[in-house]
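Chain by chain, the residues run as shown.
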Amino acid sequence: MSGKLFRNFSFISATLSFFLLVGIFAVLFSYAQEALHTFGFDFLWNEQWEPDEDDEGGVFGGYIPIVGTLLSTVLAMVLATPLAMGIAIFLTEIASEKVAKPVSVAIELLAAIPSIIYGMWGLFYFAPIVQAVFGGNGVGLLTAGIVLAIMIIPFMAAITRDSMNTTPAVLKESAYAMGATKFEVIKDVVMPYAKGGIIGSIILALGRALGETMAVAFLIGSVMSTVGKVTDPTTSIPVLLANNFAEAEDLEMSSMYFLALILFAISFAVISFAKFYFLGRKAK
Amino acid sequence: MNRLLLNKIILVLSTLSALTGIGFLFWILATLSYKGIVSIHWDTFTKDLVEGGIRNLLVGQFTMALIATAVAVPVGMMAGIYLREYGHGSRLASIIRNLSDVMMSAPSIVIGVFVYALLVDPFGGYNGWAGAVALAIMMIPIIISTTDNMLALVPQELREAGIALGGSKHKIILQIVIRAAKVGIMTGVLLSFARIIGETAPLLFTSANNQFFTMDMSEQFPSLTVSIYNLATYPDEASRELAWAASFILTVIVLCINLLGRFVIRNKK
């Protein structure tokens, strides 16, 4: 293979990410046209999702799945962030290397378990516990939020641990020499030093929680209703797509593309924000 | 509050968080083993879904994942090579790098919808190729990122030695740089394979599922994960047992590939 050919092939491969990203936006946008024209931006506030009998029209609004996505994500973040920080602190500052190593591996394996497994386990083993403790019928926003949190904790903890580990030992030692406690070193030296990485990891985990489908599909209840209590069942954008996309036609189908476009836009915004502001990978 | 006391409290809370994390891992693994192992029979591996086994599902899932890997590895590696060796430090390379990181975190269900519009809707039905393409799209950004990072670790002196010997740029990349980064890239490939072998959402409306054994990629293709999703929600006990058996097998596969990846890295150091 000649040098020029090799270089060109590598260049084309590199631009593929760009074309995929633009391609996804373009395709979703063009398939969402029908829904966009019919409903406009009222789509965002409309709670109805009712196909006509003949299956060709109907009234569709994205309010319930959009709110369900946001609420389950926020709930998961509120539960996961303190735990993930605690785990990262344990791994970097508390545990001896002998303990930290296997615990690190275990936490990372937790991140490798497929989401469908979390969903099944959650449905048969965790939902009954939520039902017994909090009432409701087991599946709902709360169960989905807790299991989502368990799924994103290892991910968040691993990135936070890595960025905490970059704190120069000499900075920590100077603080200890001045009589600081471990917590004060963590709070005043390690955390500020690793701030960018920590915030970045939280936002990346948020992006993951936003788009998670299978675990939530088992656990959120998949019903088109707004939540009054935290244990109520509802639905989210990925779950609605997973369950109804295959059978939908025409206007309903177009409305689903619209929802997918909204989800992609939200996650694109969240992840780019994390990338450009907090995790800027400098060219080495 | 007494600062020494506060220190103690925070340290205890952190330790408790770690115990919670580990606790969930063992809880999930224990459940899976307890429900999964008893549900596995000889038939599980030798019969197809239609007869109560998962043979066709395993073959189908692996076929799609392997095809995705065959596409994603060369493309991802070449892109990583461009970012590190040719476009190094340029504005374009840094934009592409960031876009590829964004693609890595794109919701998998959206990729499913995108591939449906591209390869299912126009061709009149679910097919295995669409499933493999969806998995490849998920895999490429991961391979780009690992290749890029691993090439960054190759010492500049190696490249210079190649130049001093009069090697052309692409020869140096192929015969020196890639070889030096081989182990790291292989680990990345293994870990990304472990990630896509357990994916469900991008397959739901690309390959869908097939109860029968088939190697014909142009029709609905058997998928282990999609089957687990379906079986788990059926009311009968036999379906559920099969779902647990399949989940156990899938988790064992994913964890083994992950541990293998780790083992490869450790041997290098």
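Residues numbered from 1 in each chain as written. Chains lettered and ligands numbered in written order. Predicted model: local features only at pLDDT ≥ 70, side-chain atom pairs only at ≥ 80, totals over all residues. Heavy atoms only, no water.

- Under an unreviewed UniProt entry, chain B has the name Phosphate transport system permease protein PstA and belongs to Sulfurovum indicum.
- If you open the UniProt record of chain B and go to Subcellular location (unreviewed entry), you find "Cell membrane".
- Heading Sequence similarities (unreviewed entry) of the UniProt record for chain B holds this comment: "Belongs to the binding-protein-dependent transport system permease family. CysTW subfamily." (UniProt positions renumbered as here; feature names shortened; annotations may be inferred.)

- Identification of chain A as Phosphate transport system permease protein from Sulfurovum indicum is taken from an unreviewed UniProt entry.
- For chain A, the Subcellular location (unreviewed entry) comment in UniProt is given as "Cell membrane".
- Taken directly from UniProt, the Function (unreviewed entry) text for chain A runs: "Part of the binding-protein-dependent transport system for phosphate; probably responsible for the translocation of the substrate across the membrane."

## Description of the UniProt feature "transmembrane region" (unreviewed entry) in chain A
Logical step 1: In this numbering, the UniProt entry assigns the feature "transmembrane region" (unreviewed entry) to residues 12–32, 63–91, 103–127, 139–159, 197–220 and 256–278 of chain A.
Logical step 2: Helix makes up 88% of residues 197–220 of chain A and strand makes up 0%, while its end C-alpha atoms are separated by 31 Å. (Helix = DSSP H or I, 4+ residues; strand = E, 2+ residues; numbered from the N terminus.)

## Considering unusual backbone geometry
Logical step 1: In the Ramachandran plot, A:Ser222 falls in the positive-phi region, its phi being about 50° despite a non-glycine side chain.
Logical step 2: Structurally, A:Ser222 can be placed in the loop between α10 (214–219) and α11 (237–244).
Logical step 3: Taking the relative accessible area as the measure of exposure, A:Ser222 reaches 32% and is therefore partly exposed.
Logical step 4: Unusually for a residue other than glycine, B:Ala208 sits at a positive phi of about 55°.
Logical step 5: The topology assignment puts B:Ala208 in the loop between α9 (201–204) and α10 (224–233).
Logical step 6: Residue B:Ala208 is classed as buried on the basis of its relative accessible area, which comes to 9%. (Buried < 20%, exposed > 50% of the residue type's maximum accessible area, 1.4 Å probe, protein only.)

## Description of the packing of aromatic side chains
Residues and elements named next belong to chain A.
Logical step 1: Under the defined criterion, the tally for this structure stands at 25 aromatic pairs over all chains.
Logical step 2: Where phenylalanine 43 meets phenylalanine 258, the ring centres are 4.4 Å apart and the plane angle is 25°; that geometry is what we call stacked. Of the two residues, phenylalanine 43 is situated in the loop between α2 (33–39) and β1 (49–51) and phenylalanine 258 in helix α12 (residues 250–277); the sequence distance between them amounts to 215 residues. The pair formed by phenylalanine 43 and phenylalanine 258 is uniform in burial state, with each residue classed as buried. (Phe/Tyr/Trp six-rings, centres within 6.5 Å; stacked < 30°, edge-to-face > 60°.)

## Focus: the pattern of salt bridges
Logical step 1: Evaluation of the coordinates by the stated rule reveals 12 salt bridges over all chains.
Logical step 2: A:Lys172 is the partner of A:Glu93 in a salt bridge, and the nearest nitrogen-oxygen pair spans 3.3 Å. Taken together, the residues span a long stretch of sequence, with A:Glu93 in helix α3 (residues 63–94) and A:Lys172 in helix α7 (residues 169–177) at a distance of 79 residues.
Logical step 3: Given the relative accessible area of 8%, A:Glu93 is considered buried.
Logical step 4: For A:Lys172, a relative accessible area of 17% gives the class buried.
Logical step 5: Residue B:Arg262 pairs with A:Glu108 through a salt bridge whose shortest N-O separation is 2.7 Å. Residue B:Arg262 is located in helix α11 (residues 237–268), and its partner A:Glu108 is located in helix α4 (residues 97–112); the two belong to separate chains.
Logical step 6: Taking the relative accessible area as the measure of exposure, A:Glu108 reaches 21% and is therefore partly exposed.
Logical step 7: Several salt bridges share partner residues, and in doing so they unite A:Glu108, A:Arg161, A:Asp162 and B:Arg262 into one network. (Salt bridge = Lys/Arg side-chain N within 4 Å of Asp/Glu carboxyl O.)

## Describing the UniProt feature "domain: ABC transmembrane type-1" (unreviewed entry) in chain B
Logical step 1: Look at the UniProt record and you will see "domain: ABC transmembrane type-1" (unreviewed entry) annotated at residues 58–261 of chain B.
Logical step 2: Between the end C-alpha atoms of residues 58–261 of chain B there is a gap of 21 Å, over a span that is 77% helix and 0% strand.

## Side note on the packing of helix α5 (residues 108–120) of chain B against helix α6 (residues 128–152) of chain B
All names here are of chain B.
Logical step 1: In the contact formed by α5 and α6, the axes pass within 9 Å of each other and the chain directions differ by 135°. Taken together, the axes of α5 and α6 are oblique relative to one another. With respect to the hand of their crossing, α5 and α6 are arranged in right-handed fashion. Taken together, the residues of α6 that come into contact with α5 (itself represented by Ser108, Ile111, Phe114, Val115, Leu119 and Val120) are Ala130, Val133, Ala134, Ile137 and Met138.
Logical step 2: A class-by-class count of the residues in the contact of α5 with α6 yields 10 nonpolar, 1 polar and no charged. (Axes fitted to C-alpha atoms, helices over the stretch in contact; angles between N-to-C directions. Parallel < 35°, antiparallel > 145°, perpendicular 65-115°, else oblique. Left-handed = near helix turned anticlockwise from the far one by under 90°. Contact = heavy atoms within 4.5 Å. Nonpolar A, V, L, I, M, F, W, Y, C, P; charged D, E, K, R; others polar.)

## Some words on the nonpolar core
Logical step 1: Ranked by size, the top nonpolar core spans 185 residues in total, and within it A:Leu28, A:Tyr118, A:Phe245, A:Tyr257 and B:Ile109 carry the most contacts.
Logical step 2: Each of domain 1 (1–38) and domain 2 (42–268) of chain B gives at least three residues to this core.
Logical step 3: Filtering out sequence-adjacent residues up to four positions away, A:Tyr257 remains in contact with A:Leu28, A:Tyr31, A:Ala32, A:Phe245, B:Val113, B:Tyr116 and B:Ala117. (Core = buried A, V, L, I, M, F, W, Y, C linked by side-chain atoms within 4.5 Å. Domains from an automatic or database assignment.)

## A look at the side chain of B:Asn209
Residue and element names in this part refer to chain B.
Logical step 1: Here asparagine 209 lies in the loop between α9 and α10.
Logical step 2: The exposure class of asparagine 209 is buried, given its relative accessible area of 14%.
Logical step 3: Only 3.0 Å separates the side chain of asparagine 209 from the backbone nitrogen of serine 223, close enough to count as a polar contact.
Logical step 4: Residues contacting asparagine 209, with those up to four places away along its chain left out, are Leu49, Leu57, Gln220, Phe221, Pro222, Ser223, Val226, Ser227 and Asn230. (Polar contact = N/O pair within 3.5 Å; in protein donor to acceptor, adjacent residues only side chain to side chain.)

## Details of the domain arrangement of chain B
Accessible area lost upon the coming together of the parts serves often as the stated size of an interface.
All names here are of chain B.
Logical step 1: Domain boundaries assigned for chain B yield domain 1 (1–38) and domain 2 (42–268).
Logical step 2: Placing the centre of domain 1 and that of domain 2 at their C-alpha centroids yields a distance of 31 Å.
Logical step 3: Contacts between the two partners involve 7 residues from domain 1 and, on the opposite side, 6 residues from domain 2.
Logical step 4: A buried area of about 580 Å², summed over both sides, lies between domain 1 and domain 2, and 84% of it is on carbon and sulfur atoms.
Logical step 5: Area buried by domain 1 at its contact with domain 2 is led by Leu32, Lys35 and Gly36, which between them contribute 69% of it.
Logical step 6: The interface formed by domain 1 and domain 2 includes 0 residue pairs in polar contact (both at pLDDT 80 or more).
Logical step 7: By residue class, the composition of the side of domain 1 that touches domain 2 is 3 nonpolar, 3 polar and 1 charged. (Buried area = accessible area lost by both parts, 1.4 Å probe.)

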